[in-house]
Amino acid sequence: MSNIKALGIDIGSTTAKIVAIDESGQMTWHLLEQAEPRLEAQVERFLEQARGAAGPLAGIPLIATGYGRRLVRQATRQVTEISCHARGIYHEFAHGGTLVDIGGQDSKVIAINADGKVLDFVMNDKCSAGTGRFLENTASRLQVPLERLGAEALSVTEETSISSTCTVFAESEVISLIANGVPLAAILRGLHRALARRITAMIRVVGLVPPLMLSGGVAQNAAIQRMLEQETGEKVLLPRYPQLVGAHGAALVALEE
Ligand code: ADP
């Protein structure tokens, strides 16, 4: 694969991703791993693998984005996640709308105009209850694999309301519900509803301009997709690789430069 024209790297709080694109901006190669404490070593390994796939990287621009972008010293430049997500999603759909990105430790809502420009955005990186971490914590506590979480929640109609607005308290609440014999799936449904409502409140702050698009790791969760549709009344559009939108956008910015 020698047609790499640009690279984008997205160091999130939970996962690290690298994307390579060709001259038309199409994704030709990518890697995704859990983010490691030694990020510099992980980035070096990513680039080594890119070299293995594409040959020497000299002259190939690299843009870094995400929460750990400043640690990517090999990057030509660092660009914010907001710009890169907007760029990535616009390349895929070629229209504006409202992008919701739900990652491991942050979530964001970005309003994008018909030309792909960012009109407005809101970001939550202060409260884990509005992020993937909220589901991850309960998934491990309830011993349900993360990939099964959404399907389990959608397997029932009964829904238990979760009143705690904090991840740690929600965990205690879940334990006491289980002890009181409430079915697991109904609890899971309630947890997904709580997250979907928090995200919908963020969408309202920015103002929903359809269509609604969803990215980030949590976009793979079918219950979150469904409940966001229920809460907003809008159909959710999913990109092909929801977790790679930021890294793809970074590579597209690199290609333009
Ligand atoms: P970040 O960019 O902030 O590091 P990601 O966008 O990679 O985070 O999202 C990580 C989150 O995605 C995890 O916290 C988890 O909740 C969720 N997730 C990852 N894989 C899956 C999956 N297969 N099904 C459902 N949720 C997932």
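Residues numbered from 1 in each chain as written. Predicted model: local features only at pLDDT ≥ 70, side-chain atom pairs only at ≥ 80, totals over all residues. Heavy atoms only, no water.

## Section: the site of the ligand
Spelled out, the test is: To be near a molecule or strand, a residue needs just one of its heavy atoms within 4 Å of it. Here a polar contact means two N or O atoms within 3.5 Å. Within protein one must be a hydrogen donor candidate and the other an acceptor candidate, and residues neighboring in sequence count only if both atoms are side-chain atoms. Using the Shrake-Rupley algorithm and a 1.4 Å probe, accessible areas are obtained, with residue cover drawn only from the displayed protein chains. Helix numbers and strand numbers start at the N terminus; a helix is a DSSP run of H or I with at least 4 residues, a strand a run of E with at least 2. Side-chain classes follow a simple rule in which Ala, Val, Leu, Ile, Met, Phe, Trp, Tyr, Cys and Pro form the nonpolar group, Asp, Glu, Lys and Arg form the charged group, and the remainder, Gly included, forms the polar group.
Looking at the ligand, there are 16 residues lining it, with Thr14, Thr15, Lys17, Glu136 and Gly217 nearest. The backbone of Thr14 places a nitrogen or oxygen atom 2.7 Å from an oxygen atom of the ligand. Side-chain polar atom of Thr15 to an oxygen atom of the ligand: 2.5 Å apart, as the coordinates give it. Compared with its free state, where it exposes 580 Å², the ligand has 88% of that area covered by protein. Elements that contribute at least two residues to the shell around the ligand include exactly β2 (15-21) and α3 (132-141). Taken together, the residues that form the shell around the ligand break down as two nonpolar, eleven polar and three charged.

## Topic: the pairing of strand β3 (residues 27-34)
Going by this rule: By this definition, two strands are paired if DSSP reports at least two bridges between them.
Where β2 and β3 come together, seven bridges link them in antiparallel fashion. Pairing of Lys17 across the sheet is with Leu32, part of β3. Joining the antiparallel neighbours β2 and β3 is a turn of five residues, in which Gly25 adopts a positive phi near 90°.

## Let's talk about helix α7 (residues 222-232)
For the record, the criterion: Relative accessibility under 20% of the residue-type maximum defines a buried residue, over 50% an exposed one, and the middle range a partly exposed one, all with a 1.4 Å probe and only protein chains included. Within this analysis, the arc is defined by the directions that extend from the helix axis to the C-beta atoms. Contacts were defined at the residue level, with two residues in contact if any of their heavy atoms lie within 4.5 Å.
Regarding α7, the residues found buried are Ala223, Ile224, Met227, Leu228 and Thr232. Burial along α7 is one-sided: seen end-on, the buried residues are contained in an arc of 140°. Its buried side turned inward, α7 meets β6 (97-102), α3, α4 (149-154), α6 (184-206), β9 (212-215) and β10 (236-237). Positive backbone phi, at 75°, marks Gly233, one or two positions downstream of α7.

## Brief notes about a nonpolar patch on the surface
Put simply, the test is: Patches in this entry comprise residues that are over 30% relatively accessible and not in a salt bridge; like charges within 9 Å are linked, as are nonpolar side chains (Val, Leu, Ile, Met, Phe, Trp, Tyr) within 5 Å. Salt bridges are counted wherever a side-chain nitrogen of Lys or Arg sits within 4 Å of a carboxyl oxygen of Asp or Glu.
A contiguous nonpolar surface patch, about 230 Å² in accessible area, is contributed by Val118, Phe121 and Met123. With respect to the helices and strands, the residue Phe121 is situated in strand β8 (residues 118-124).

## Focus: the nonpolar core
Buried together is how nonpolar side chains tend to be arranged in soluble globular proteins. Short version of the rule: To qualify as a nonpolar core, a set must consist of buried Ala, Val, Leu, Ile, Met, Phe, Trp, Tyr and Cys residues joined through side-chain atoms within 4.5 Å.
Membership of the largest hydrophobic core comes to 36 residues, with the highest contact counts inside it found for Val100, Phe134, Ile199 and Leu228. The set of elements that each furnish at least two residues to this core consists of β6, β7 (107-112), α3, α4, α5 (167-179), α6, β9 and α7. Among the elements that take part in this core, α6 stands out by supplying ten residues, more than any other. What Phe134 contacts, discounting residues up to four positions off in sequence, is Ser128, Ala129, Thr167, Ala170, Leu191, Ala194, Leu195 and Arg198.

## Comments concerning the pattern of salt bridges
This model, assessed by the stated rule, comprises 19 salt bridges. In this structure, Arg87 and Glu256 form a salt bridge, with 2.4 Å as the shortest nitrogen-oxygen distance. Taken together, the residues Arg87 in helix α2 (residues 81-93) and Glu256 in helix α8 (residues 245-256) connect sequence positions 169 residues apart. For Arg87, a relative accessible area of 23% gives the class partly exposed. Of the residues examined, Glu256 reaches a relative accessible area of 53% and is grouped as exposed. Residue Arg148 is joined to Glu152 by a salt bridge in which the shortest nitrogen-to-oxygen separation is 3.0 Å. In this structure Arg148 comes out as partly exposed when scored by relative accessible area, which is 39%. Salt bridges sharing partners connect three or more residues here, namely Glu159, Arg189, Arg193, Arg197 and Glu231.

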